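Remarks on the overall topology
Here are the chains, one letter per residue:
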Amino acid sequence: MPQAFDVTSSRRQFPALALKDGGAPRIYFDNPAGTQVPQQVIDRTVECLATKNANLGGYFSTTVQAGELVDQAHQACADFYNAASASEIVFGQNMTSLTFHMSRCLGRKFRKGDEIVLSRMDHDANIAPWLLLADDLGLVVRWMDFDTGTYEFPDDALSKVLSEKTKLVALGMASNCTGTVNDAKHFATQARAAGALVYLDAVQLAPHYAIDVQDLGADIVVSSAYKWFGPHQGILWGREDLLKETFGYKVRPASEELPHKFETGTLSHEGMAGTLGAIEYLEQFGTGETRAKRIASAWTTMAEYEQKLTLKLIEGLRTFKGLTVRGVTSANAMHRRVPTVSFTLEGHQPVNLAKDFAKDNIFVWSGHNYAVEPVGRMGLLDKGGVLRIGLAHYNTEAEVDALLSSLTRQIKNA
Ligand SMILES: Cc1ncc(COP(=O)(O)O)c(C=O)c1O
């Protein structure tokens, strides 16, 4: 039985959550674009810069301590993804840069006429690198399409486009627009059975649900720590045998060993330290004898809280005439979405709503938010996209009420 999530104890650990602007508290609903960080992240980052700031591989105290920190950060991320080994963890600048890099490395295996499958639900970071690779190599691109009525992929979305020529399936685990959680394991199983590699974008799933790469059956999973309460830092997991056999673009003196083969140049040790801090923050909300188990249990606890908050938000939004929530809304399906809720409102441009929310110190995003494919597929690209409210576990019912009151005021004054 998971313990109940204590939002007050969580909020106390985030200095930014106590800040006000002109006397007004800040309401952070911009979480899908980046979350705030707890003190543990700040402390780890400062400690790294203040006491162990050196390059790796030497004999003096700072280089040795920096090396230990880097190892600890790899292990923490292995636990975060429930990976079998820390050597499967590759740090990089962000998800986008890692995907450009890895697409080039994997692309060495592909030939003209090979097929790749992309998803209409995805953020452009898991589309553009593959489209450009297809352009470079003469690959054929097939698309997995979602149902614009349910905002979910039908079960046969992949089997319709999969063939013996498919070399790779690139799919998001959760949408940064509709909030839909995709059945990644189902699609990964189909893709691997057809002999294709599976590249999963976990950026929007990772801040809300546990990821177990040993259960998923994918080949590569990528996320970014700044979306889950850490610093700006990308983290890729890759199946060890695949990483070993894959060509790594690197400078000649750099190690051929994993994960260094894919970690080009000098990494952000302070970013890795902060990432370690974020994982230490998260595990305090869980129970279990290993860190991987504590992290998984923490997500279960936080997800239960988030799902109730999401339902309150969705039910509140749906009372407004002319408002359409662009995602799953059923009360019993909150586990099939993350708490990222996008909507359109007849007669109101999303950008103007975002500006008005900002006047009440409520932070939201509008437009396509780089979800060009899904927003285009919903026919909203030339209509200003959507207004996106992104909750995290540190948000409260009072904040949701404040947003709904702000929207009521905006509509009245329009
Ligand atoms: C689903 C998804 N994938 C990828 C990215 C890109 O991540 P990064 O900023 O780490 O490159 C984002 C950023 O918002 C995202 O929401």
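**Some words on the overall build of the protein chain**
If you tally the helices and strands in the protein chain, you get 13 helices and 15 strands. Computed over the C-alpha atoms, the radius of gyration of the protein chain is 21 Å, within 12% of the 22 Å expected from 2.2 N^0.38 for a compact globule of 414 residues. For the C-alpha atoms alone, the extent of the protein chain along its principal axes is close to 65 × 55 × 40 Å. Buried residues in the protein chain amount to 50% of all 414 residues.

**Details of the domain arrangement of the protein chain**
In many analyses, interface size is given as the accessible surface area lost on bringing the parts together. Once the domains are mapped, the protein chain shows domain 1 (7–38 + 291–413) and domain 2 (42–283). Counting residues at the interface gives 37 residues for domain 1, matched by 38 residues for domain 2. Counting only elements with at least two residues in the side of domain 1 that touches domain 2, the list comes to α10 (291–317), β12 (340–345) and α12 (372–377). When the residues that make up the side of domain 1 that touches domain 2 are grouped by side-chain class, the tally is 21 nonpolar, eight polar and eight charged.

**Looking at the site of the ligand**
Around the ligand, 15 residues are found, and the nearest of them are Asn94, Thr96, His123, Asn176 and Ser224. When the residues that make up the shell around the ligand are grouped by side-chain class, the tally is five nonpolar, nine polar and one charged.

**Observations concerning unusual backbone geometry**
For the peptide bond that leads from Leu258 to Pro259, omega is 0°, which places it in the cis range. Of note, the phi angle at Asn369 is positive, near 50°, even though the residue is not glycine. By secondary structure assignment, the location of Asn369 is in the loop between β14 (365–367) and α12.

**Quick word on the packing of helix α3 (residues 61–81) against helix α9 (residues 269–283)**
One can describe the packing of α3 onto α9 by two numbers: an axis separation of 9 Å at closest approach and a directional angle of 45°. One way to sum up the angle between α3 and α9 is to call them oblique. The hand of the α3/α9 crossing is left-handed. The segment α3 lies against α9, with Ala66, Leu69, Val70, Gln72, Ala73, Ala76, Cys77, Asp79 and Phe80 engaging His269, Met272, Ala273, Thr275, Leu276 and Ile279. In the contact of α3 with α9, the residues fall into eleven nonpolar, three polar and one charged.

**Let's talk about the sheet that holds strand β9 (residues 220–224)**
The sheet built from seven strands is open, its strands ordered β4-β10-β9-β8-β7-β5-β6 with mixed pairing. What marks the edges here is a single partner per strand, and that holds for β4 (89–92) and β6 (140–144). Direction aside, neighbouring strands of the sheet carry axes that sit 20° apart on average. Across four bridges, β4 lies against strand β10 (residues 234–238) in antiparallel orientation.

**A short note on the sheet that holds strand β11 (residues 323–325)**
Ordered by their spatial adjacency, four strands build an open sheet running β11-β12-β15-β14, and the pairing between neighbours is antiparallel. Every other strand in the sheet has two partners, leaving β11 and β14 as the edge strands with one partner each. When the angles between neighbouring strand axes are averaged without regard to direction, this sheet yields 30°. When β14 meets strand β15 (residues 386–390), the two strands line up antiparallel, connected through three bridges. In the strand pairing of β15, Gly367 is matched with Val386. The strands touched by α10 are β11, β12 and β15; relative to β12, the strand with the most contacts, the crossing angle is about 5°.

**Quick notes on the pairing of β15**
A large share of β15 lies buried, amounting to five of its five residues. The two faces of β15 match: Val386, Arg388 and Gly390 on one face and Leu387 and Ile389 on the other face are all buried. Direction of pairing for β12 relative to β15: antiparallel, over a ladder of four bridges. Along β15, the bridge assignment pairs Thr340 with Gly390.

Cut-offs used in this document
Residues numbered from 1 in each chain as written. Predicted model: local features only at pLDDT ≥ 70, side-chain atom pairs only at ≥ 80, totals over all residues. Helix = DSSP H or I, 4+ residues; strand = E, 2+ residues; numbered from the N terminus. Rg over C-alpha atoms; globule rule 2.2 N^0.38 Å. Buried ≥ 20, exposed ≤ 12 C-beta atoms within 10 Å, placed from the backbone. Domains from an automatic or database assignment. Contact = placed C-beta atoms within 7 Å. Nonpolar A, V, L, I, M, F, W, Y, C, P; charged D, E, K, R; others polar. Near = placed C-beta within 6 Å. Axes fitted to C-alpha atoms, helices over the stretch in contact; angles between N-to-C directions. Parallel < 35°, antiparallel > 145°, perpendicular 65-115°, else oblique. Left-handed = near helix turned anticlockwise from the far one by under 90°. Pairing = 2+ DSSP bridges.

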